[in-house]
Amino acid sequence: MGILRFTCLPLLLLLLTGCYEDFTPDIETKPVLCLNSLITEGEPIKVSVTRTWLYTDTESATTRHVDDAEVTVYVNGAIVGDDYLPQQGDNIRIVAESRAYGRAEGEVTVPEAVPAESVEWDADVTHIWKHDTPGILNYILNFNLHATLTIKDPAGTDNYYLFSRESFPEDRGSYPVENIRFYPGVFRDDLEPIFSEHIGVFESITGDGSYGFTFFTDRQFQGSRYTLNLQFENLEYDVRNEEYSEDLFDCGLILNLSSVSSSYYNWCSYQWQVENGTLSDLTDVGLSDPFWGYSNVSTGAGVIAARSSSSHVINLKDFLQRELARE
Amino acid sequence: MRRFVTTTILILLFLLSAAAQNVTVKAVNQPAEAVFKSVMKQTGKNFLYPSGLLDGINVTVSLKDTPLKKALSEIFSSTDIEYKIKGNNVILKRKPKRTKTNNRSVTPHPAPATSAATPDVRILDELVVVSRLEAPEVTTAEIGARKITADEVRDIPVIFGEADVIKALQMQPGVSEGSEGMAGMHVHGGDADGNLYMLDNVPVYQVNHFGGLFSAFNTDIIRYIDFFKSSVPAKYDGRLSSFMDVRLLNGNRDGHHGSARLGLTSGAFNISGPIGARTTYLVGLRRSWYDVLSIPMLAIINSKQEEKTRFHYYFMDLNAKVNHRFSDKANGFASIYFGDDMLKTGTDYDDQIDTRDKERYDFHWGNLIAQAGLNYRFNQGLSAEFTAAYTRYFTSLKNHDEYTVATEGSIFSEEETVNTSNNINDWIFRGDFDWQPDGRQRVRFGAGYVRHSFLPARTSRTSIVGSLTTQTSDSTRTYGANEVNAYIEDDWRITDHLRINGGLHASLFNIGGKVKWGISPRVSVSWHPVEAFALKGAYTRTVQYVHQLSQSYLSLPTDQWIPVTGDFKPQTADKISVGGYWQSADGGWSASVEGYWKWMHNLLDYRDEYYLRPPLEMWDARLTSGRGSAKGIDFELRKLTGKVTGQVSYSLGRVDRTFADKNGGRTYPARSDHRHTINVVVNWHVSDKVQLNAAWTGHSGNRFTLLPQRWEAPEFSGAQGYYPGDAPLRTTVNNYQLPFYHRLDLSCTVRNSRGYWTFGLYNAYNHMNVVAVRGGYRDETEVTPDHIIYTSRPVFQKVKLLPVIPSISYTWEF
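Comments concerning the sheet that holds strand β14 (residues 215–217) of chain A
Residue and element names in this part refer to chain A.
Here is step 1 of the chain: Strand order in the open sheet made by the six strands is β3-β2-β17-β16-β11-β14, with mixed pairing throughout. Edge positions in the sheet fall to β3 (48–51) and β14, since each of these pairs with one other strand and no more. Strand-to-strand twist of the sheet, defined as the mean angle between neighbouring strand axes without regard to direction, takes the value 25°.

Here's the deal with unusual backbone geometry
Here is step 1 of the chain: Backbone torsion omega between F168 of chain A and P169 of chain A reads -10°, so that peptide bond is classified as cis.
Here is step 2 of the chain: If you trace the backbone, P169 of chain A turns up in the loop between β11 (160–168) and β12 (179–183).
Here is step 3 of the chain: Positive phi values are uncommon outside glycine, yet H188 of chain B reaches one of about 45°.
Here is step 4 of the chain: Tracing the sequence through the fold places H188 of chain B in the loop between β9 (185–187) and β10 (195–199).
Here is step 5 of the chain: Judged by local crowding, H188 of chain B falls into the buried class, with 31 C-beta atoms found within 10 Å.
Here is step 6 of the chain: If you check the backbone angles, N663 of chain B has positive phi at about 60° while not being a glycine.
Here is step 7 of the chain: Mapped onto the elements of the fold, N663 of chain B is located in the loop between β35 (644–659) and β36 (668–669).

Focus on the sheet that holds strand β5 (residues 70–75) of chain A
Residue and element names in this part refer to chain A.
Here is step 1 of the chain: With respect to topology, four strands assemble into an open sheet ordered β6-β5-β7-β8, the strand pairing being antiparallel. Strands with a single pairing partner mark the edges of an open sheet, and in this sheet they are β6 (78–79) and β8 (102–109).
Here is step 2 of the chain: The pairing of β5 with strand β7 (residues 91–98) spans six bridges and is classified as antiparallel. Residue pairing across strands places V73 opposite I94, the latter belonging to β7.

A closer look at helix α6 (residues 290–303) of chain B
Here is step 1 of the chain: With 14 residues, α6 of chain B should reach 20 Å at 1.5 Å per residue; the first-to-last C-alpha distance of 20 Å fits that figure.
Here is step 2 of the chain: The largest bend along α6 of chain B reaches roughly 30° and is located at P296 of chain B.

Regarding the interface of chain A and chain B
Here is step 1 of the chain: Between chain A and chain B, the residue contacts involve 76 residues of the former and 74 residues of the latter.
Here is step 2 of the chain: At the level of elements, α1 (3–16), β1 (19–23), β2 (33–40), β4 (53–54), α3 (201–205), α4 (262–276), α5 (278–284) and β17 (302–315) of chain A are the ones that each hand at least two residues to the side of chain A that touches chain B.
Here is step 3 of the chain: In terms of residue count, the dominant contributor to the side of chain A that touches chain B is α4 of chain A (11 residues).
Here is step 4 of the chain: Counted by class, the side of chain A that touches chain B contains 39 nonpolar, 28 polar and nine charged residues.
Here is step 5 of the chain: Pairing of β1 of chain A with strand β46 (residues 788–801) of chain B involves five bridges; the strand directions are antiparallel. When the sheet's bridge partners are listed, E21 of chain A is paired in β46 of chain B with K798 of chain B.

So, the confidence of the model for chain B
All names here are of chain B.
Here is step 1 of the chain: Overall, the prediction assigns chain B a mean pLDDT of 84, with 87% of residues at 70 or greater.
Here is step 2 of the chain: Per-element confidence in chain B is highest for β36, whose mean pLDDT is 97, and lowest for helix α1 (residues 2–18), whose mean pLDDT is 36.
Here is step 3 of the chain: Note on residues 1–20: pLDDT is under 50 here. Beyond four places in sequence and across chains, it has 25 contacts.
Here is step 4 of the chain: Across residues 97–127, where pLDDT falls below 50, the model places 83 contacts with residues more than four positions away in sequence or in other chains.
Here is step 5 of the chain: The complex prediction reports pTM at 0.82, with the ipTM value standing at 0.90.

Looking at the confidence of the model for chain A
Here is step 1 of the chain: For chain A, mean pLDDT is 86; residues scoring 70 or higher make up 88% of the total.
Here is step 2 of the chain: Throughout residues 1–11 of chain A the model reports pLDDT below 50, and contacts reaching past four residues in sequence, or to other chains, amount to 23 contacts.

Digging into the domain arrangement of chain A
Here is step 1 of the chain: Examined at the domain level, chain A breaks down into domain 1 (33–110) and domain 2 (118–260 + 309–326).
Here is step 2 of the chain: One C-alpha centre belongs to domain 1 of chain A, the other to domain 2 of chain A, and the line joining them spans 35 Å.

Regarding the environment of N769 of chain B
Residue and element names in this part refer to chain B.
Here is step 1 of the chain: With respect to the helices and strands, N769 occurs in strand β45 (residues 769–783).
Here is step 2 of the chain: Judged by C-beta crowding, with 21 C-beta atoms within 10 Å, N769 ranks as buried.
Here is step 3 of the chain: A C-alpha to C-alpha distance of 44 Å links N769 and Y487, two positions 282 residues apart in sequence.
Here is step 4 of the chain: With sequence-adjacent residues up to four places away left out, N769 is seen in contact with E180, Y741, R743, K800 and L801.

A word on the pairing of strand β37 (residues 676–685) of chain B
Residue and element names in this part refer to chain B.
Here is step 1 of the chain: With eight of its 10 residues buried, β37 lies for the most part within the structure.
Here is step 2 of the chain: Note: β35 against β37, nine bridges, orientation antiparallel. Opposite Y650, over in β37, you have I678 as the bridge partner.
Here is step 3 of the chain: In this structure, β37 lies alongside strand β38 (residues 690–699), joined through nine bridges in antiparallel fashion. Looking at β38, one finds that T677 is bridged to H699.
Here is step 4 of the chain: Connecting β37 to the antiparallel partner β38 that follows it, the hairpin turn spans four residues.

Overview of the nonpolar core
Here is step 1 of the chain: Judged by nonpolar contacts, the single largest core of 182 residues is most densely connected at L33, L35, Y264 and A305 of chain A together with V165, I222 and M244 of chain B.
Here is step 2 of the chain: Setting aside its immediate chain neighbours within four residues, L33 of chain A contacts V49, R51, V66, A69, A96, S98, Y101, G102, A104, T299 and A301 of chain A.

So, how was this worked out
Residues numbered from 1 in each chain as written. Chains lettered and ligands numbered in written order. Predicted model: local features only at pLDDT ≥ 70, side-chain atom pairs only at ≥ 80, totals over all residues. Pairing = 2+ DSSP bridges. Helix = DSSP H or I, 4+ residues; strand = E, 2+ residues; numbered from the N terminus. Axes fitted to C-alpha atoms, helices over the stretch in contact; angles between N-to-C directions. Buried ≥ 20, exposed ≤ 12 C-beta atoms within 10 Å, placed from the backbone. Expected span 1.5 Å × (residues − 1). Bend = angle between axes of the 7 residues up to and from the residue. Contact = placed C-beta atoms within 7 Å. Nonpolar A, V, L, I, M, F, W, Y, C, P; charged D, E, K, R; others polar. pLDDT = per-residue confidence, 0-100. Domains from an automatic or database assignment. Core = buried A, V, L, I, M, F, W, Y, C linked by C-beta atoms within 7 Å.

This is how it looks when you write it as structure tokens:
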């Protein structure tokens, strides 16, 4: 988070000369059921059923699993079996009951996938290196890529999105002895303002960015279009092969846009607060109210979330062939 | 611990009652005023007398450890002046045969109610008497109201030895501090934003420096503070819990005098004097030293680091005031207050090869007040004060990063700038009238208009990466609001034993095309069957249109004052108070017991999991409306005169809150729900040169939310692929009470011919109090012949702050 977290807050605390003392609070606790499930369109539902434990219980890792729980899945009000595959728009309620820990339930609606209306991109070569060994195709090409992805937000609902990207072929991280290697570069999430909409005043003043948080909501463009500006830097294409083949240029990026449930978004927002938020720093030293984990399960433990995804492929084949042909 | 607390209280009580009200005075043909200054310091008495009464009177007297009454008789034996001791006041006037009228000093506020027969009085070192609380509490109609003098503030030892108005008030019964060492306060179960702080009758929004460690009031130039916590005069409204009007000194008419103070954390300088025959001035400046102290520290740190750290922090208060007497009937005044905090920090990195990285954080926040006014006396019974004022609270937070790297002939550069600003601008116009139709009634009335302008946090970002520039700005806009208020109040002595103060404050608050309104009736009744004792009762309603959003217990520049908007209603509080007051015949002792029951409505607080709602949503979306109640009883015993003075108080209280969207709608104890609170202050005037002060406070621990259970976190891909492993299970809000809090602060003042030294010890017996509890980890290492095993075990931990902190300062008077 920058210097404030590392200098000013500790300086203040140093001034206050705080210290910690271990203790055992005299407070009653009762374990309850915890349900976790990420429901993905078209994939079987998996539910994790565990129980809560006292924070200081070091044995919990081996005892937290609940074996006697009976799990029932309701889809649009009807019980379904193991062969059920979630569909967009399905309302799914998961109920678990255990003799020891009681009942827990949570529900979610599988969101509608929102495919990109259009994806445009261009790339700028920043550096090309060519090996002069005769008879071997051996290049390293560095470039930046800028893409725009336009979506049309479905009207009438609050929608939550997650952007992610993949690349092909898979980056193995080692220099290619032969064939190709494609490094997808650094994605500059901080250059797309909508990825910062969750950042509060505290974090704004300390200069914190989104730290890889690429969730966003439709609060600023509800029911209308929005164009994501996606900047990728220092992409690198290495090729080392004895023969020229079109397959050698077959690489690119996969832009994934997932529609996620509010519970998915809230859970990840909570995670971000814990990891990057200034509030958690203040809480740690008792200068702010502590906050608990987000949950949409009746017991307050666990998250039932859902998502549907759409993807768009940016194939760099033509671009790479064109650029190398210039050399 | 209980035994220790009991012993401490007993010792302090013994000290409190040990000394008599005797004085030692030696003077040879000295001006009478100078002699009274000495008597005043020894006894704590105020001297009230008509302007010019003591002009030209010199005194020759030699008294050692003599009772006050005898000393006064001796001093006045050869003059035509008589005295009367009334409570903590000594009223001087000419003997009847030589009475004359003198209207030279026009009071902007009425003279004390008890001295209706002597309407034109003044107090030493001051031109006019303005406090409505001069009279002993046993004689007034008000309940839970007190005038606190600057000396009383200075006599309470505090952290870093920095005399502090708000921390002095925290020693009053029924008042709790927010976090240890901080300047926030909760009055009779109210919230921290429920207190209206005023500087010469003009509201101050930002009353803290350095996160709340210091308040914004420079005690070197304060004359007194009027503090109302139960029955509130109809003139005041706009906050739920308490009203505090800090009054500054007027300029000295006798010459240019002042003082300079140098302490560990700050220094102050003030001077006042005449400008011609009709005008006086006062200038006071206080500034902290942290930036100066940090220079050598940073030089040492930076000498060994490739990355240079930049740190510069100070806070400052500047007060300037001019008074001008136009005529016997008109006095004018103009004043400016500017208080700010400035924090500049960051780093500079330059590897001297190809990489440079610069981070800058410039934070600036504070308050500006400018006001001008006219006190005018229409006739002997009617006077008025007209005020025009501007108050501005501002916050400017800037972050700027620059990164440059040179690679193979090309330069890559990147810049990001984030600006956040937050401010309030108020224009205030008001007229306050004071009418005394006869000796038994005093009617105060007035009206005011305030034009508010609120800009909640507005953030803009500019990012420049190579040739790509991205600019974003949120859509936060400025909210204008108009507030109109009027009040009338009558203080009526129905009989010699029965007195009533009734009033009404009406207000309209217009924002966003919606008009919100409030009617605040006030009534307090005092019945004193005998001179030394009174029974009182009061009903008070207060209305609050603005509230402060704060995510931490500190006072930070990110705190925002927000007007009541949308569907939220103005916050209101209804309070019933009853009490009994006693004061000894010589005014040396007083005791009181006050019970109260307060109901608060339309309170606002953050709702559960508010932090999940993005800032771009209206702040309303993060808040929930609810109610609260507070009830309790305050006992207090004070010793007002003698070599040892002080007070002991005990409060029994209960405070709760209920919000629709917090804690599942269930009622929970408020953070400041202190069942028991004990405060003891002792000031021992050892000699003319030495004074010892002690303040002990103890109260039931704050309520805190302890999250005892964990649950297994889901492994969804989320923020940067971080998986916390587990998450805290929600629980009842404020389900845990921290251990009993107690602390003793000491200070010693040693005078010499030029000024005085002040030595202080905060938390003298080094009891580090628990301010929070949390889930932490205990790292352990086990060494065996074959292995070294490191383990990290989850444990609950108490967070403790503030050990013993010594302080020293010197004040030079001239």
